[in-house]
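Examining the three-dimensional arrangement
The lines below spell out each chain.
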Amino acid sequence: MTDTRGPQPHYEGYATGPLPGEREPAPGQSGPYHPPQAYPSPDGGTQGGGRQHGTHGGAQGADAAQAARKPRTGARTTPRTRKARLRVAKADPWSVMKVSFLLSIALGICTVVASAVLWMVMDAMGVFEAVGGTISEATGSSDSTGFDLQSFLSLPRVLVFTSVIAVIDVVLATALATLGAFIYNLSAGFVGGVELTLAEDE
């Protein structure tokens, strides 16, 4: 292949010359050579001394700006409150029945425990003995001793009676709550349901 471009000029200065940082200082110039800057240097000199002076001046300017800034008056300190209006359009009867069943069981257990504690306290105070003696004297005769209140109101009998009442309460409360959910759904279809306003503090 033949080169048809002809003789090319030879740039010796670019190939063998020193780099800009390695050039010899020009006559009348002291110090190393520095290439021209794209942006002017800040007032107060260049290099290390100028940088220190510029940093010190910038800090003083920031302090003066903060001192000149006036505090805000009448700033809002009360938190904002977001509100939302919601409407209970429907109550699921199955979920209402489960929740009411568990709550009624808990209430029945509390009733049995409270009855047992109350009976123990009254027995320790001698209430049954005093009242039972009065009743037996009032109902007794020469042939019989009268009504024995202490044997009638014994602890096992009281616990059985309370347990029966608790079971009946569980059944009735569950049924009434489920029926109430159906009635609420019917009424919500006509009037739209119960509206609630919920607020959240920030």
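Residues numbered from 1 in each chain as written. Predicted model: local features only at pLDDT ≥ 70, side-chain atom pairs only at ≥ 80, totals over all residues. Heavy atoms only, no water.

Further remarks concern the side chain of Thr-174. With respect to the element layout, Thr-174 can be found in helix α6 (residues 155–191). Those residues within four positions of Thr-174 in sequence are excluded, and the remaining contacts are Met-97, Ser-100, Phe-101 and Ser-104. (Helix = DSSP H or I, 4+ residues; strand = E, 2+ residues; numbered from the N terminus. Contact = heavy atoms within 4.5 Å.)

Here the focus is the pattern of salt bridges. Overall, the coordinates contain two salt bridges when judged by the stated rule. One salt bridge connects Glu-195 with Arg-85, and the closest N-O pair in it is separated by 2.4 Å. With Glu-195 in strand β2 (residues 194–201) and Arg-85 in strand β1 (residues 81–88), this residue pair connects regions lying 110 residues apart in the sequence. What makes Glu-195 partly exposed here is its relative accessible area of 49%. (Salt bridge = Lys/Arg side-chain N within 4 Å of Asp/Glu carboxyl O. Buried < 20%, exposed > 50% of the residue type's maximum accessible area, 1.4 Å probe, protein only.)

Our focus in this paragraph is the environment of Ser-104. Within the fold, Ser-104 resides in helix α3 (residues 93–125). When the C-alpha atoms of Ser-104 and Val-170 are compared, they prove to be 4.9 Å apart, with 66 residues separating the residues in sequence. Setting aside anything within four residues of it in sequence, one finds Ser-104 in contact with Asp-169, Val-170, Ala-173 and Thr-174.

Moving on, we come to the side chain of Asn-185. If you trace the backbone, Asn-185 turns up in helix α6. Asn-185 sits in the buried class, given a relative accessible area of 17%. Residues in contact with Asn-185, not counting those within four places in the same chain, are Lys-90, Ala-91 and Pro-93.

Here the focus is the confidence of the model for the chain. Scored by pLDDT, the chain has a mean of 74; 57% of the residues are at 70 or more. A low-confidence stretch, residues 44–55 (pLDDT under 50), is modelled with six contacts involving residues beyond four sequence positions or located in other chains. (pLDDT = per-residue confidence, 0-100.)

Turning to the packing of α3 against α6, a few remarks are in order. Their axes nearest at 8 Å, the elements α3 and α6 cross at an angle of 155°. Classified by the angle between their axes, α3 and α6 sit roughly antiparallel to one another. Between α3 and α6 lies a crossing of right-handed hand. Here the residues of the contact of α3 with α6 are counted per class, giving 19 nonpolar, ten polar and one charged. (Axes fitted to C-alpha atoms, helices over the stretch in contact; angles between N-to-C directions. Parallel < 35°, antiparallel > 145°, perpendicular 65-115°, else oblique. Left-handed = near helix turned anticlockwise from the far one by under 90°. Nonpolar A, V, L, I, M, F, W, Y, C, P; charged D, E, K, R; others polar.)

With respect to the element layout, Thr-81 can be found in strand β1. Residues Thr-81 and Ala-199, 118 residues apart in the sequence, show an inter-C-alpha distance of 6.4 Å. Leaving out residues up to four positions away in the same chain, Thr-81 has contacts with Ala-199, Glu-200 and Asp-201.

This next bit is on the environment of Arg-85. Looking at Arg-85, the relative accessible area reads 63%, which means it is exposed. Note: C-alpha distance between Arg-85 and Glu-195 (110 residues apart in sequence) is 6.8 Å. Filtering out sequence-adjacent residues up to four positions away, Arg-85 remains in contact with Glu-195, Leu-196 and Thr-197. There is a polar contact of 2.4 Å between the side chain of Arg-85 and the side chain of Glu-195. (Polar contact = N/O pair within 3.5 Å; in protein donor to acceptor, adjacent residues only side chain to side chain.)

Together, Phe-101, Leu-102, Ile-105, Ile-109, Val-113, Val-117, Val-121 and Met-125 line one region of the surface with nonpolar side chains, adding up to about 750 Å² of accessible area. With relative accessibility at 38%, the residue Phe-101 sits in the partly exposed group. (Patch = residues over 30% accessible without salt bridge, like charges linked within 9 Å, V, L, I, M, F, W, Y side chains within 5 Å. Areas by Shrake-Rupley, 256 points an atom, 1.4 Å probe, with all protein chains shown as cover.)

Residues separated by three or four positions in an α-helix point in the same direction, a consequence of the helix having 3.6 residues per turn. Between the first and last C-alpha of α6 there are 52 Å, a value that for 37 residues agrees with the 54 Å anticipated at 1.5 Å per step. Of all the residues in α6, the buried ones are Val-158, Thr-162, Ala-166, Val-170, Thr-174, Thr-178, Ala-181, Asn-185 and Ala-188. Buried positions along α6 lie against α3. In the segment just after α6, Gly-192 is the residue with positive phi, at about 100°. (Expected span 1.5 Å × (residues − 1).)

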